[in-house]
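Working through the structure, step by step
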Amino acid sequence: MEPAQPADRVPADRTPPDGQPPVAVPSGPGGEPAATDPTPPPPLKSGKSERSPKDMAISLLVLLVPIALLLAFYRGFLGGDQATTVDPAPAIEQARSANVFPVSQPQGLGSDWSTVSARYQTVEGGANLRLGYLTPEGRGVQLLQSSVPAERLLPAELTDQGQPQGTTELAGRTWQLYTARGNQQALVLLEPTRTVIVIGDARDNELRELAGSLR
């Protein structure tokens, strides 16, 4: 027979229901269950710090200033906005050496005209000499001299929607005005052994200046 225990004494280990392991209950100095602290733990502080709009604006400014300085250096000292010019002489000489068609080149254009591309190549049905220019107003113009038959060349270069718009006299030659793709227009010179096309989105006076300078 077990000795009697005081009425306010709580066993250190409570017997759980059958089939479950005993649960240890923390006890105080006198054997009574230890009191639990009802106060919840303090909330954890988030690692992210709140930033004011002023701080964000300063950070953005710090990033943009070096980028602006690099762009200014690129444009001012490296010529970032200037078109890359090429020497058209090798392509012109190659076309003349091939002797497929008579080759003309612009004469007397101002220094504000820039040659940006030059290529001679043989193609199906003939050969082409293409010279690309940047006009004084910063627009693109292409000078094409070709031995490809005009009935094949014009639809390929001007698209099927290209339509004649009359004729004009330039340096003693009769050129035909044509519409072209998009906002482009063209001047076309038809000769027995070649076709010359001046085409681009430049103004009419610049197209005429280039066509009239051919010698």
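Residues numbered from 1 in each chain as written. Predicted model: local features only at pLDDT ≥ 70, side-chain atom pairs only at ≥ 80, totals over all residues. Heavy atoms only, no water.

**A closer look at the pattern of salt bridges**
- For the coordinates displayed, the defined rule picks out 5 salt bridges.
- Residue Asp 204 pairs with Arg 208 through a salt bridge whose shortest N-O separation is 2.6 Å. A residue pair is termed a helical-turn pair when its members lie 3 or 4 positions apart in one helix, as Asp 204 and Arg 208 do in helix H4 (residues 204–212) at 4 residues.
- On the basis of relative accessibility, which here comes to 30%, the residue Asp 204 falls in the partly exposed class.
- Shared partners join several salt bridges into a network, and the residues in it are Glu 137, Arg 139 and Arg 203. (Salt bridge = Lys/Arg side-chain N within 4 Å of Asp/Glu carboxyl O. Helix = DSSP H or I, 4+ residues; strand = E, 2+ residues; numbered from the N terminus. Buried < 20%, exposed > 50% of the residue type's maximum accessible area, 1.4 Å probe, protein only.)

**Remarks on the sheet that holds strand S4 (residues 126–134)**
- Spatially, 7 strands are ordered S3-S4-S5-S9-S8-S7-S6 in an open sheet, and the strand pairing comes out antiparallel. In the strand order of this sheet, the two ends are held by strand S3 (114–123) and strand S6 (164–170), each with one partner. Neighbour-to-neighbour, the strand axes of the sheet open up by a mean angle of 20°, direction not taken into account.
- Taken together, the 9 bridges between S3 and S4 define a ladder with antiparallel strand orientation. What sits directly across from Ser 117, in S4, is Gly 132.
- Taken strand by strand, helix H2 (residues 89–98) contacts S3 and S4, and its axis lies near 30° from that of S3. (Pairing = 2+ DSSP bridges. Axes fitted to C-alpha atoms, helices over the stretch in contact; angles between N-to-C directions. Contact = heavy atoms within 4.5 Å.)

**Things to note about helix H3 (residues 150–158)**
- Ala 150, Leu 153, Leu 154, Glu 157 and Leu 158 are the residues of H3 that are buried. Across the axial projection of H3, the buried residues extend over an arc of 95°, all falling on one side. With respect to the buried face of H3, the exposed residues turned more than 90 degrees away are Glu 151 and Ala 156.
- As for H3, its buried residues are in contact with S4, strand S5 (140–146), strand S7 (173–179), strand S8 (185–190) and strand S9 (195–200).
- Once H3 ends, the next one or two residues include Thr 159, with phi positive near 75°. (Arc of directions from axis to C-beta.)

**Describing unusual backbone geometry**
- The phi angle at Thr 159 is positive, at roughly 75°, despite the residue not being glycine.
- Its place among the elements puts Thr 159 in the loop between H3 and S6.
- The phi torsion at Ala 171 lies on the positive side, around 50°, for a residue other than glycine.
- One can find Ala 171 in the loop between S6 and S7.

Geometric descriptors of this kind do not, in isolation, establish any biological role.
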